[in-house]
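Structure assessment
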Amino acid sequence: MAKFHNYYVLCPLIDQKSFLGVSRDKDSGNVLVTLGKNVVNKYRLSDQKQVGGWTSKDHITGTVVYDEEQDSYVGVFNNNTIKKWMEDSENLDKVKKYKFPLNILKLIRRQKQPPLIIFSNGNCASLPYAIENRKTYESKSILKEGEEIIDTFCLTIGKTDFLCYVTKYKKDEQDRYEIIHCQIRDELGDMDKFKLARIKVTRSENVYVVGELIVTTNNKYFVYILWNDSKMTVCDVETKQWEVVGTVPWISTMSPVSLAYMEKDHLILFGNNLDNDGAVILVYNVLLGIGSYRYPMKMYSDNAKLYCIKKRILLEATNHIGMLPYVLESNRNLSSLLGSHEIGKDEYTKVAHWAKTKDPNYNVNNEIKELIKYGLTERSICAQLITPLLQKNSADKIKKLLNNFRDIPESVLSVLLRHAINLLRLNEVDITDKEAAVSLFNDLFHNETLRQSQLLNYVLQISFSDALLIPHLRELLTLSDTLFLMSYISHLLTDPLIPVGVEMEDKLCDWCILLMDAFYQQFVMTKDEKVTQVLENVLNSVLYLTNQLFKIDKFLPVLNKLLNGKTTDDYNDEKLSYSIEMMEI
Amino acid sequence: MCSKVHRVCYYNPKPELINCVSLNKTTRRIALARANASIEIWDLNYGPYLVKFIPGVEKGSVEALGWVEDRLLSTGLGGALLEWDLNKLCLKSTTLLTGYAAWCLDVNTANTIVAVGTEQGYVNLYSVENNEINYLKLFDKQEGRIMCCKFNKTGDILVTGSVDTIRVWNVQTGQAKSRMSVSRRGKETIVWCLAVLADNIVVSGDSGGRLTFWDGDLGDQIESYVTHKADILSIAVSDDETYMFFSGVDPVIMQFIKVKNHKESRGQWVRHVQRHVHEHDVRSLVIDRERLISVGADGYLTFSKYPPKWVMRIPPMIPSPRTSVSPVKKLLLLRFSTHLEVWKLGSYGTNKNGSVIYDTVNTINTSKQKKGKNTGLEEDSTFDIIDKAKVARKQIRTLKLIEKPLKLVSVQAKGQKQIRCCQLSPSGEFIIYSTDSHIRMLKLDADEEDQGNLSLSKLTISGLPTSCDRIAFTQDSRTMMVHCAGVVHVLQVDPLAGATVVQSINVEKHLKTASVLHLYVSRETASGAIYLVVADTQGAVAVWTKGEKKYEHYVTLPKYKCIPSALIVDWKRDNLIIHYVDQNLIEYELLQRRFAAERDGWRLRSPKAVAEIGGRVAVSMTLHPRRDALLLHDDTSLWVADRQPDEDSEPVAKRTGRDTKPSNIKVVPFKYLADFHWLNDDEAVTVEILPENIVLQLPPVMINK
């Protein structure tokens with residue numbers, strides 16, 4: 001869940017057109033605001049104080065960035081000039097100019113490497129290299145005619161850098177978008193043109209793009225595209241696979257929407273509200289595909305720049321840069337998500353690539369694979385495989401196979417149970433003889449060499465649906481089997497030496513209840529002493545267990561008292577108030 | 001020789017705070033009233049000794065007490081002036097006052113007029129001459145309730161204090177002479193207490209913790225001191241008006257003394273010492289000769305003196321007889337204010353040889369926590385001998401309990417009234433108690449084996465008045481003596497038929513008053529007689545003996561100057577032993593009807609013993625069942641005095657201090673010992689009230705920071 005704090009103004013804007021962007025400063029608490037034309041200001045985020053700034057006579061045409069490597073600031077002037085200056089430089093006009101023969105789009109700051117120059121024709125170069133070779137720098141445009149770069153992003157994977165553009169061009173009276181993705185060569189920082197790839201951003205004819213965002217997570221590129229039907233799609237740039245994230249609620253997709261990446265699978269969107277009478281900032285969870293918070297704003301401005309720096313959203317508003325601190329909680333609170341999920345009809349049909357064959361993703365043995373191919377359900381596969389194995393009497397194999405299934409049909413389960421009991425050959429054992437029974441039970445649980453018993457123990461841990469199992473049990477188990485099982489289970493539950501986990505205990509209780517339910521009538525009808533004895537035994541163990549619970553119930557407050565440093569008073573009082581002493585009188 | 005002592009420390013009646021105290025200077029008796037409206041009268045002539053007790057009534061209130069010669073008057077929120085009959089220990093007369101609830105009362109020096117201040121601002125004046133209470137005068141109504149009033153020495157001026165104001169009245173005309181305003185900066189100030197000095201200087205203590213001296217004639221303020229952090233509730237001025245004490249919610253007792261420099265006509269009052277004797281509010285102060293008596297919310301009756309610093313506290317206890325035992329059944333009856341409890345005592349374990357098993361988890365927890373506490377509170381002044389005994393008793397041997405004490409029944413007094421007296425028969429069969437309007441007798445049937453199975457049934461009593469103040473059983477529990485207003489009724493007790501009066505003895509004609517202090521029935525003595533001993537509150541002692549059918553007057557003892565604090569009949573010798581409040585112990589040979597030749601067989605009057613016992617007054621006395629010794633106790637210690645052989649009859653007084661002979665007196669300290677009973681030859685019960693249990697039940701202390 002995301003929560004916003006109060007909105008406040010970082011700095012006023014002279015006019016919106018001239019605002020070029022915000023970038024991170026050397027100190028992570030500060031930001032550089034490039035206010036177009038000729039002003040660069042440095043603000044501290046915590047108190048919105050201006051802590052520095054420069055002015056220039058030349059027009060600034062690109063966001064000023066901080067060059068980590070050279071500890072200097074770099075800016076683009078008059079579209080074709082680069083200037084570098086130190087923090088203490090006062091007059092930018094006296095700083096040395098590096099004029100380029102071609103137009104510079106912008107500078108991108110890279111981590112631990114010099115910034116990257118992006119030229120308007122789509123080429124790029126590392127800043128020092130570009131400055132050195134600026135006179136001779138020539139390059140063929142990688143863009144088509146009429147194509148323009150609207151978003152750039154640079155990512156380092158391992159030691160290689162990758163660059164990603166989102167471009168836009170007009171074709172057939174419609175805006176077309178493409179993703180350009182390319183590896184960058186070391187040192188030079190220019191594009192390895194052999195590895196350049198283009199991905200078309202397309203869906204069906206009648207939808208168009210209203211917003212885009214390049215995001216990297218876990219060393220992967222993703223391009224999020226918001227369409228005018230409120231659908232959000234994402235493209236994994238590397239694999240070129242498209243996926244639908246979901247529908248974005250609360251925001252109007254009639255006009256452009258600005259996007260920014262928050263953190264932990266959350267995006268921020270800024271756009272018109274649904275009634276088109278104001279703006280809305282919304283936090284969108286791309287993992288769940290739901291909007292998790294919205295914040296209404298008064299004014300909408302199209303193509304507003306949106307940033308997310310140091311737990312704050314920075315938004316270009318009409319006449320100021322607004323700031324909105326936020327809190328993002330990873331703990332999901334279900335109630336807060338209620339109603340945030342909008343269900344839209346999925347009109348997007350996924351095109352399956354029939355040519356590519358991919359094996360199913362499970363790690364299973366061949367028998368199952370075979371059956372999966374026929375598209376059988378888990379239940380029927382299980383039923384088909386287990387039954388023949390039972391005849392072969394191979395407990396190990398059964399166990400192994402069962403491991404693969406989650407959903408075991410009730411019929412199979414009851415057969416398994418009967419089989420497991422039969423394996424033990426219990427006919428000779430008299431469960432009414434207490435000592436013999438106890439030693440047998442202990443043997444069954446502890447002796448690992450007894451494979452048959454292992455199967456039984458295993459079966460007892462399988463989860464099941466009780467109502468469906470009852471008829472099968474009635475059909476397959478005999479009364480003596482049931483009595484044996486019930487005594488065994490109650491022994492497992494009560495014997496302190498048998499380590500039964502919480503889950504196992506839960507299952508055992510369920511089994512016991514189930515057996516009682518299934519054979520209730522038989523128990524009532526028979527007057528066999530054995531039955532009464534077993535039932536009494538079960539009753540005793542249940543009483544024993546409930547008593548233990550009561551004991552804990554009584555003991556907990558005492559423990560709590562002790563933990564809080566209070567001793568139980570009654571003990572002390574009695575010690576104090578009365579004694580018989582030997583006294584010499 | 002060791003005895004097994006059951007130490008019962010769970011007897012914790014609620015300590016009742018003391019509202020007010022009044023001193024009768026001629027008889028040196030004080031009357032004090034507690035929050036439950038009970039009134040106690042203590043004799044201060046020697047050690048303080050409780051002489052009389054009047055139980056309070058529910059919702060009763062005693063705000064002020066006053067002595068008119070030997071008559072006791074009180075007033076309270078009930079809005080009446082009450083006179084108490086101190087012989088019958090009941091209400092004598094009620095006079096309704098004008099102005100609802102009354103807050104204060106003062107008697108003039110001539111003992112002729114009583115002034116009472118009321119809620120509505122009326123001062124009621126009553127003439128109390130000729131043993132009557134007659135309406136005299138009503139002063140003009142004034143604004144606000146009257147919290148305190150005081151006559152001057154000559155009795156022609158009355159000063160009253162109320163909220164923000166002190167008024168000086170002419171008693172003759174009933175008009176106000178002057179009015180002093182006490183409020184400071186518009187803040188409401190209550191005048192809680194007043195004192196009028198000889199030169200008509202009025203001293204007031206108020207809710208601001210301020211002590212102010214006023215000129216009573218002019219109404220001017222002379223001097224003012226902020227001495228306390230909270231309200232001053234009481235002022236006590238010495239008779240010669242050379243010093244005064246005052247205290248209140250801030251329980252520091254401050255002393256001012258009058259110093260005269262340069263032979264000025266008027267002396268100057270200056271701050272002297274301050275005493276930290278109480279932790280809780282001090283409600284009332286009285287000066288008795290050199291001693292200051294202070295009482296308050298802690299319920300203690302506290303005596304203090306300076307110099308040297310000396311403090312004696314008498315803890316709040318239900319008046320005696322507060323407990324009784326049944327040695328046969330090992331039952332213990334505990335008396336509380338409005339209910340009784342019967343406990344079965346615990347028992348100790350013995351091993352196969354029949355010897356007792358000691359508790360292995362032995363704890364030494366004597367007086368170690370006392371030292372760490374540094375509250376600045378003055379401890380009780382102690383005697384060397386007790387300190388020594390405390391050290392000696394470090395090693396406590398506790399027996400292993402195999403049965404814990406068990407509460408058998410709790411009996412609520414009829415109508416939730418306060419209990420005047422109660423008794424458990426020696427057989428453990430009967431419980432009898434009296435409130436001021438009922439005498440009830442109950443039969444307790446306890447099954448020996450099954451202690452849960454017991455029944456309590458009411459027995460009828462015929463021929464008794466509605467109330468009594470002393471009860472005694474004979475050893476066989478078949479005869480019961482009940483004293484009421486000068487008459488001792490002898491009742492025949494039958495478990496089925498109840499109790500019937502068989503004889504009424506008018507003891508008053510052999511005594512001086514109708515109020516009896518001791519009623520004692522001896523067991524059958526060596527000579528086969530059963531003695532009934534009655535002592536009154538004036539010190540007269542008379543003895544009856546059981547004749548053929550009736551008890552007949554046997555002898556009246558010669559009069560002694562003070563009252564007997566404890567008495568007992570030595571049944572082996574047919575001797576009556578009486579301990580007086582002046583620590584004199586006499587032995588009277590009943591057969592010969594004369595004092596024993598040897599006057600002080602226990603050497604209690606020997607200089608050494610006097611030094612050891614100090615100014616304490618024994619409240620009860622028992623004989624040692626195994627040897628020729630006497631056990632006496634007060635609330636802090638138990639003394640065992642062995643009878644000394646008669647050889648050294650020659651006076652050794654000249655060589656005091658050189659007495660090398662070991663003392664015949666052994667002192668066992670307790671804090672506080674409520675009662676001591678023998679169960680059998682080597683088993684005894686002590687009922688103790690621990691000071692910490694008293695403190696626990698008290699209201700919180702004013703935060704003193």
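As the structure is a computational prediction, the values presented were derived from the model and not from experiment.

Brief notes about the overall build of chain B
Scanning chain B from N- to C-terminus turns up four helices and 59 strands. The buried share of chain B, reckoned over its 705 residues, is 59%. Put simply, 51% of the contacts in chain B that link residues at least 6 apart link residues at least 24 apart. Carbon and sulfur atoms provide 49% of the accessible area of chain B, an area that totals close to 30200 Å².

Regarding the environment of A:K231
Residue and element names in this part refer to chain A. Position of K231 among the secondary structure elements: in strand 19 (residues 231-236). By relative accessible area, which is 6% here, K231 ends up buried. As for K231 and P249, which are separated by 18 residues in sequence, their C-alpha atoms are 9.2 Å apart.

Structural notes on the side chain of A:T34
Residue and element names in this part refer to chain A. By the secondary structure assignment, T34 is in strand 4 (residues 30-34). Its relative accessible area of 0% is what places T34 among the buried residues. Among the polar contacts listed, one links the side chain of T34 to the backbone nitrogen of V64, at a separation of 3.0 Å. When residues no more than four places from it in sequence are discounted, the contact partners of T34 are S18, F19, L20, G21, V39, V40, I60, G62, T63 and V64.

Considering the pairing of strand 14 (residues 160-171) of chain A
Residues and elements named next belong to chain A. Alignment of strand 13 (residues 148-157) against strand 14, held across nine bridges, turns out to be antiparallel. Residue pairing across strands places I149 opposite T167, the latter belonging to strand 14. Hairpin remark: strand 13 followed by strand 14, antiparallel, with two residues in the connecting loop; positive phi at G158, about 65°. Pairing of strand 14 with strand 15 (residues 174-184), which is carried by 11 bridges, proceeds in the antiparallel orientation. Within the sheet, the bridge partner assigned to F162 lies in strand 15 and is Q183.

With respect to the pattern of salt bridges
Pairing between side chains of opposite charge can happen when their charged atoms approach one another. As enumerated under the stated definition, the model contains 28 salt bridges over all chains in all. Salt-bridge contacts for A:E581 lead to B:R7; the nearest nitrogen and oxygen are separated by 3.0 Å. Here A:E581 is found in strand 28 (residues 578-584), whereas its partner B:R7 is found in strand 1 (residues 2-8) on a different chain. Linking B:E683 and B:K330 is a salt bridge whose minimum nitrogen-to-oxygen distance equals 3.1 Å. Taken together, the residues span a long stretch of sequence, with B:E683 in strand 59 (residues 683-688) and B:K330 in the loop between strand 30 (323-326) and strand 31 (331-335) at a distance of 353 residues. Given the relative accessible area of 2%, B:E683 is considered buried. For B:K330, a relative accessible area of 23% gives the class partly exposed.

Considering the sheet that holds strand 17 (residues 176-181) of chain B
Within a sheet, each strand pairs with its neighbour through backbone hydrogen bonds, oriented either parallel or antiparallel. Residue and element names in this part refer to chain B. Spatially, four strands are ordered 14-15-16-17 in an open sheet, and the strand pairing comes out antiparallel. With partners counted over all chains shown, the strands left at the sheet margins are strand 14 (146-151) and strand 17, one partner each. When strand polarity is set aside, the average angle formed by the axes of neighbouring strands in this sheet is 15°. Relative to strand 16 (residues 165-170), strand 15 (residues 157-162) runs antiparallel, the two being bridged by six bridges. Of the residues in strand 16, the one forming a bridge with G161 is I166.

Thoughts on the packing of helix 4 (residues 378-392) of chain A against helix 6 (residues 410-424) of chain A
Residues and elements named next belong to chain A. Packing of helix 4 against helix 6 brings their axes to within 9 Å, and their N-to-C directions diverge by 20°. With respect to helix 6, the element helix 4 is oriented roughly parallel. Classified by chirality, the crossing of helix 6 by helix 4 is left-handed. Residues R379, C382, A383, I386 and L390 of helix 4 form the contact with helix 6, whose participating residues are E410, V412, V415, L416 and H419. By residue class, the composition of the contact of helix 4 with helix 6 is seven nonpolar, one polar and two charged.

Reading guide: rules and limits
Residues numbered from 1 in each chain as written. Chains lettered and ligands numbered in written order. Predicted model: local features only at pLDDT ≥ 70, side-chain atom pairs only at ≥ 80, totals over all residues. Heavy atoms only, no water. Helix = DSSP H or I, 4+ residues; strand = E, 2+ residues; numbered from the N terminus. Buried < 20%, exposed > 50% of the residue type's maximum accessible area, 1.4 Å probe, protein only. Contact = heavy atoms within 4.5 Å. Areas by Shrake-Rupley, 256 points an atom, 1.4 Å probe, with all protein chains shown as cover. Polar contact = N/O pair within 3.5 Å; in protein donor to acceptor, adjacent residues only side chain to side chain. Pairing = 2+ DSSP bridges. Salt bridge = Lys/Arg side-chain N within 4 Å of Asp/Glu carboxyl O. Axes fitted to C-alpha atoms, helices over the stretch in contact; angles between N-to-C directions. Parallel < 35°, antiparallel > 145°, perpendicular 65-115°, else oblique. Left-handed = near helix turned anticlockwise from the far one by under 90°. Nonpolar A, V, L, I, M, F, W, Y, C, P; charged D, E, K, R; others polar.

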